[in-house]
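Analysis of the macromolecular model
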Amino acid sequence: MTETAHATSDDLRSILTAFSEAGWPVPRAEVVAIAERLGWTVRSDTERGIMFMTGLPYRRARADCLLLEDHLGQLTIGLTDRVDGDDAASREPLRAIERDLVAAAAEVLGEPSGSSAGRPRTYWDLDAGARIAVENTGDRVILAVLGKQVADVERAEARLGVDPDRVVGTDPEPA
């Protein structure tokens, strides 16, 4: 079995510190400035988003930022290389990496605000309404940094009992 390449706890702590200390909402220019301080490079910059190459220690290490009204809406950072999600031998090391990264995140952000079981996800709500989450997608571990607007939608869906693992557009027809 090959070891799964992943970000270190120190890598994660640097990212978390940078975004948890940011003034929210985070405008486009500040997203780019934070990325530059982290040593990331801009690969693509469009009206609605920015793609960064993070330099984390795995293939195609990137971060994708969705912009809403020229502010950070959601930043998704891959923390591991992709594995075969259908292979049980690959899933267990991924779960171990997830647990280690959640522990490292708790060192920076404190106790988590909550978690969800469907797709293992641990999250922290920041004072400004933003949310940071470590999530195991089944084939990799990601860090999601959500601006207040996106985090508010996620919180509303949780209150309404909307399944976070649903596939949009495949909802059953109402009776």
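Cut-offs used in this document
Counting from 1, residues in each chain are numbered in the order their sequence is written. Local features in this predicted model are restricted to residues of pLDDT 70 or higher, and side-chain atom pairs are both shown and tallied only at a pLDDT of 80 or more, whereas totals for entire chains, interfaces and linings draw on every residue. Remark: hydrogens and water are excluded; side-chain values derive from all non-hydrogen atoms of the structure. Salt bridges are identified by distance alone: a Lys or Arg side-chain nitrogen within 4 Å of an Asp or Glu carboxyl oxygen. Working definition: helices are DSSP H or I runs of at least four residues, strands are E runs of at least two. Numbering for both runs from the N terminus. Buried, partly exposed and exposed residues are distinguished by accessible area as a fraction of the type maximum, computed with a 1.4 Å probe on protein chains only: under 20%, between the cut-offs, and over 50%, respectively. Each pair of strands is called paired provided DSSP finds at least two bridges between the two strands. Centres within 6.5 Å are what make two rings of Phe, Tyr or Trp a pair, Trp counting through its six-membered ring; a difference in plane orientation under 30 degrees is then read as stacked, over 60 as edge-to-face, and the rest as tilted. Cavity: a set of points on a 1 Å grid over the protein atoms alone where a 1.4 Å probe fits but cannot get out. Pocket: an open set with protein on both sides within 12 Å along at least five of seven lines, its lining residues, like those of a cavity, having an atom within 4 Å of a point. Grid points are joined across faces, edges and corners, and a volume is the space filled by probe spheres set on the points. Gly counts as polar in this scheme, as do all residues outside two lists: the nonpolar Ala, Val, Leu, Ile, Met, Phe, Trp, Tyr, Cys and Pro, and the charged Asp, Glu, Lys and Arg. A helix's residues, less one, multiplied by 1.5 Å, set its expected span. Note that the arc is defined by the directions from the helix axis to the C-beta atoms. By definition, residues are in contact when any of their heavy atoms lie within 4.5 Å. In these notes, a set of buried Ala, Val, Leu, Ile, Met, Phe, Trp, Tyr and Cys residues joined through side-chain atoms within 4.5 Å is what counts as a nonpolar core.

Observations concerning the pattern of salt bridges
Summed over all chains, the structure comprises 17 salt bridges. A salt bridge links arginine 155 to aspartate 152, with the shortest nitrogen-to-oxygen separation between them at 2.8 Å. Of this pair, arginine 155 and aspartate 152 both sit in helix α4 (residues 148-160), three residues apart, which is roughly one turn of that helix. The partly exposed category is assigned to aspartate 152, whose relative accessible area is 30%. Bridged by salt links that share partners, the residues Arg121, Asp125, Arg131, Glu135, Lys148, Asp152, Glu154 and Arg155 form one connected network.

What about the pairing of strand β2 (residues 49-53)?
Across the five residues that make up β2, a large majority, four, are buried. In terms of strand pairing, strand β1 (residues 41-45) meets β2 through four bridges, oriented antiparallel. Within β2, the residue paired with threonine 41 across the bridge is methionine 53. Where β1 folds back on β2, the antiparallel hairpin that results is connected by three residues. Sheet topology note: the β2/strand β3 (residues 62-68) ladder contains five bridges and is antiparallel.

Points about the packing of aromatic side chains
Going through the model one piece at a time under the given rule, you end up with two aromatic pairs. Ring plane angle 35° and centroid distance 6.5 Å describe the contact between phenylalanine 19 and tryptophan 40, whose orientation is recorded as tilted. With phenylalanine 19 in helix α1 (residues 9-20) and tryptophan 40 in the loop between α2 (28-37) and β1, this pair connects stretches of sequence that are 21 residues apart. Under the relative-accessibility criterion, phenylalanine 19 is labelled buried at 1%. Look at tryptophan 40 and you get buried, because its relative accessible area is 6%. Seen in terms of ring centroids, tryptophan 40 and phenylalanine 52 are 5.7 Å apart; in terms of plane orientation they differ by 55°. Their pairing is tilted.

Looking at the layout of surface pockets
Approximately 260 Å³ is the volume attributed to the second largest pocket. The wall of the second largest pocket is formed by 13 residues, among which Arg59, Arg60, Arg62, Arg82 and Arg140 lie closest to the centre. Those elements giving two or more residues to the lining of the second largest pocket turn out to be β3 and β4 (71-78). A total of three residues in the lining of the second largest pocket trace back to one element, the largest contributor, which is β4. Classifying every residue of the lining of the second largest pocket gives three nonpolar, three polar and seven charged.

Quick look at α1
Relative to the 16 Å expected for twelve residues at 1.5 Å per residue, α1 spans 16 Å between its end C-alpha atoms, a close match to the ideal helical length. Among the residues of α1, those classed as buried are Leu12, Ile15, Leu16, Ala18 and Phe19. Axial view of α1: buried residues confined to an arc of 165°, hence all on one face. As for α1, its buried residues are in contact with α2, β4, α3 (88-109), β7 (131-136) and β8 (141-146).

Topic: the nonpolar core
Counting residues in each nonpolar core, the largest one holds 41 residues, and the members touching the most others are Ile77 and Leu143. Listing elements by their share of this core, those giving two or more residues are α1, α2, β2, β3, β4, α3, β7 and β8. Looking at this core element by element, the count peaks at six residues for α3. Apart from the residues within four sequence positions on either side, isoleucine 77 is in contact with Ile15, Trp40, Thr54, Leu56, Arg62, Ala63, Val141, Ile142, Leu143 and Val145.

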